[in-house]
Amino acid sequence: MISESFKYLFNDENWKKKLAIGGIIGAIPILNLALYGYMVDIIKLVSGGFENKLPEFNIVNQFIGGIIGIVIILIYAIIPIIILIIGYVFLGGGFLLILDDRTAGLGVMMMLIFILFLIFYILCLIIFALITPIALSHYANTGKLSSIFEFRTIFDILKKTWLDILIFNIILTIVVVILEIILYIVAFIFAMTVILIPVAIWIFGMLLYYIHTVLGYFYGKIYLKGTIDFFGSGDPAYVDYYWNYVSVIDAWPYQAIPQLPIVSVMKVNADRKGFQ
């Protein structure tokens, strides 16, 4: 699952074109928020079982989706942020008190309290890094912002997937650091020629786009794994029906229409318009 995340971009037959366009979007401040919405689209596709196709670009919708994604991140980051702010209050107060011999003991105590808050902050960051992929994926699959507060479901899925997420985050950090070092060297060489500076910026934009494809694929797969483990094996014991019903659709997502009979279970939100 983890190794496939880094290969996902290259599964699309038009990956070079999309990488180039994604690099342009990623290189433009503020507009690159659309990549977050693009990542949400990837989560929907992968959770729905489509692993060989990148989403098409829809800048407006994906920009809006990116803003919603950032809001979700900020909601879950509120607790760590508050803890860090309180910790720095103790740090600042302790530093001022320790300068005066009469209050130095109290200042030392406040410094120790700051260290405790710092440890608590680090623990909250770890939990934040584990729970965010599940919460974001849950929103992507339900389409409801309120779903990020369905803590019981989110934590039940997290219990099955936390170790995979932890390992992925460690590997991703190492890979990104290595890629950034390489790209910094390349960008430095390009930057020596003024006319190539935009190319250097574009290269970093492509890295940002690539990272979002890796994250989107992994988040989609880990959510799928967690929901299957949570709700069951994913394989029905039997399929029963009482009506012979034929539904005709005007398109089959991303692949040729299979031969009848078709039994389709869609896990993602979709436009299911049909006709008889």
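On a predicted model such as this, the values are computed, not experimentally measured, just so you know.

Below, the discussion takes up the overall build of the chain. Within the chain, the secondary structure is distributed over seven helices and zero strands. The 276 residues of the chain split such that 36% are buried. Pairs at least 24 apart in sequence give 75% of the contacts found in the chain among residues at least 6 apart. Element-wise, carbon and sulfur atoms account for 71% of the exposed surface of the chain, whose accessible area totals about 17000 Å².

This brings us to the pattern of salt bridges. All told, the structure shown has six salt bridges when counted by the stated rule. Between D12 and K18 there is a salt bridge; the shortest N-O distance is 3.1 Å. Residue D12 is classed as buried on the basis of its relative accessible area of 1%. Among the ionic pairs, E56 bridges to K18, the shortest N-O distance being 3.2 Å. Within this pair, whereas E56 is found in the loop between α3 (34-47) and α4 (59-98), its partner K18 is found in helix α2 (residues 15-27), the two being separated by 38 residues in sequence. Look at E56 and you get partly exposed, because its relative accessible area is 48%. Within the structure, one salt-bridge network assembled from shared partners comprises D12, K18, K53 and E56.

Let us look at the packing of aromatic side chains. Taken as a whole and assessed by the stated rule, the structure comprises 13 aromatic pairs. Between the aromatic rings of F10 and Y210, the centroid separation amounts to 6.3 Å while the plane-to-plane angle is 40°, which identifies the pairing as tilted. With F10 in the loop between α1 (2-7) and α2 and Y210 in helix α7 (residues 197-231), this pair connects stretches of sequence that are 200 residues apart. We classify F10 as partly exposed; its relative accessible area is 41%. With a relative accessible area of 15%, Y210 lands in the buried category. Taken together, a centroid distance of 4.9 Å and an interplanar angle of 20° make the contact between Y38 and F57 stacked. Of the two residues, Y38 sits in helix α3 while F57 sits in the loop between α3 and α4, which places them 19 residues apart along the sequence. On the accessibility criterion, Y38 (1% relative accessible area) is buried. Judged by relative accessible area, F57 falls into the partly exposed class, the value being 23%. Connected via pairs of aromatic rings, a cluster forms that spans F6, F168 and F218.

Thresholds, definitions, all that
- Residues numbered from 1 in each chain as written.
- Predicted model: local features only at pLDDT ≥ 70, side-chain atom pairs only at ≥ 80, totals over all residues.
- Heavy atoms only, no water.
- Helix = DSSP H or I, 4+ residues; strand = E, 2+ residues; numbered from the N terminus.
- Buried < 20%, exposed > 50% of the residue type's maximum accessible area, 1.4 Å probe, protein only.
- Contact = heavy atoms within 4.5 Å.
- Areas by Shrake-Rupley, 256 points an atom, 1.4 Å probe, with all protein chains shown as cover.
- Salt bridge = Lys/Arg side-chain N within 4 Å of Asp/Glu carboxyl O.
- Phe/Tyr/Trp six-rings, centres within 6.5 Å; stacked < 30°, edge-to-face > 60°.

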